[in-house]
Amino acid sequence: IRKTKNIVLFGEAGAGKSSIVNLMAGKDVAFTSPGMQRCTLQWQDYTINFDEESYKVFDTIGIEESGLEMEEYLVAVANAYKFIKALDAEGGVDLLLFCIRAGRFTAALQSNYRFFYEFLCEKKVPIVLAITNLEREQKMEDWWDREHSIFPRYDIHVAGHACITAANGLDGRHQQLYEESRIAIRELVKENITGDHNKGWTGGNNVLVSLVRALRKLLVTNTHIRKMNLIGQLTKRCGMPRETAGQLADMIEHGEARVDAA
């Protein structure tokens, strides 16, 4: 029986994802990587514990903008495969934690939501929202009262939210807000994380195909990707058998029948 519950944390660079990991952990365990500035699906994972529960948090860079070149897209294909295999090995996804920075609404907001909630998790995993950078509010929850209507306009629907500050090291009132934020983010996780491990998330190659096709649709300027390039990437960088790589490349190109998970 798997004891650790898995959280996929996503959002644009600068939204405060690594700070949220540290906030939940109660200590510094995550550091922002300057190399994770493009959506090539790089990630780092951290095991944290609080309130007698253990969680593995997959901190992944979200969608920034369109315009990935073919080589970047192919790297993202390989990383998508490795990411899904890592989630499979850990038993699936129990919660999606969408991190945004207050006052920063970009065109990528909806793309991030669709990419992780619709394509990675097929709408089968709970998703919650953490809004950061709210230490200047009189009451942090005031932001939600003013701004929450923006999300339905982007067709974004979540099971819960937390208005927080993830900026540590401040004095006085800010430090008090930081401690309140730790309680809020932990409660958000505990109240919304699924209790039945891997009941919703299917994983495997079918999810890979959905994710890779979404990458191309949302991010790639030149949507014509040669099948041989895909096969080469899946075999060389992922160690996938050529026959399986060919099947997946066909599905990615044409969206045909499903393939058994490898």
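Here the structure is a predicted model, which means the values were calculated and not measured.

### Thoughts on the overall build of the protein chain
- Per the secondary structure count, the protein chain includes 9 helices and 6 strands.
- Relative to its 262 residues, the protein chain shows a buried fraction of 51%.
- Nonlocal contacts in the protein chain, meaning residues at least 24 apart in sequence, comprise 76% of its contacts between residues at least 6 apart.
- Put simply, the protein chain shows about 12,100 Å² of open surface, and 46% of that area lies on carbon and sulfur atoms.

### Some thoughts on the confidence of the model for the protein chain
- Taken over all residues, the pLDDT of the protein chain has a mean of 84, while the share at 70 or more is 85%.
- With pLDDT under 50 throughout, residues 256-262 is counted as low confidence; its partners more than four residues away or in other chains account for 14 contacts.

### Section: the sheet that holds strand E3 (residues 53-61)
- Read across the sheet, 6 strands follow the order E2-E3-E1-E4-E5-E6 without closing on themselves; strand pairing throughout is mixed. The sheet is open, and its two borders are formed by strand E2 (43-50) and strand E6 (160-163), each paired with just one other strand. Geometrically, the sheet is characterised by an average inter-axis angle of 25° between neighbouring strands, direction not taken into account.
- For strand E4 (residues 95-101) and strand E5 (residues 127-132), the ladder comprises 6 bridges, and the chain directions are parallel. Looking at the pairing, Arg 101 lines up with Thr 132 of E5.
- Against the sheet, helix H1 (residues 17-25) touches strand E1 (4-11), E2, E3, E4 and E5, its axis set at about 170° to E3.
- The sheet strands contacting helix H2 (residues 70-90) are E1, E2 and E3, and the helix crosses E3 at an angle near 175°.

### Regarding the pattern of salt bridges
- Scanning the entire structure with this criterion turns up 9 salt bridges.
- The partner of Glu 118 in a salt bridge is Arg 114, with the nearest N and O atoms 3.2 Å apart. Taken as a pair, Glu 118 and Arg 114 lie in helix H3 (residues 108-120) at a separation of 4 residues, close to a single helical turn.
- Measuring nitrogen to oxygen at the nearest pair gives 3.7 Å for the salt bridge that ties Glu 122 to Lys 124.

### Focus: the packing of aromatic side chains
- Enumeration over the complete set of coordinates arrives at 9 aromatic pairs.
- An aromatic cluster of three or more residues is present, and its members are Phe 10, Phe 98, Phe 115 and Phe 116.

What counts, and at which threshold
- Residues numbered from 1 in each chain as written.
- Predicted model: local features only at pLDDT ≥ 70, side-chain atom pairs only at ≥ 80, totals over all residues.
- Heavy atoms only, no water.
- Helix = DSSP H or I, 4+ residues; strand = E, 2+ residues; numbered from the N terminus.
- Buried < 20%, exposed > 50% of the residue type's maximum accessible area, 1.4 Å probe, protein only.
- Contact = heavy atoms within 4.5 Å.
- Areas by Shrake-Rupley, 256 points an atom, 1.4 Å probe, with all protein chains shown as cover.
- pLDDT = per-residue confidence, 0-100.
- Pairing = 2+ DSSP bridges.
- Axes fitted to C-alpha atoms, helices over the stretch in contact; angles between N-to-C directions.
- Salt bridge = Lys/Arg side-chain N within 4 Å of Asp/Glu carboxyl O.
- Phe/Tyr/Trp six-rings, centres within 6.5 Å; stacked < 30°, edge-to-face > 60°.

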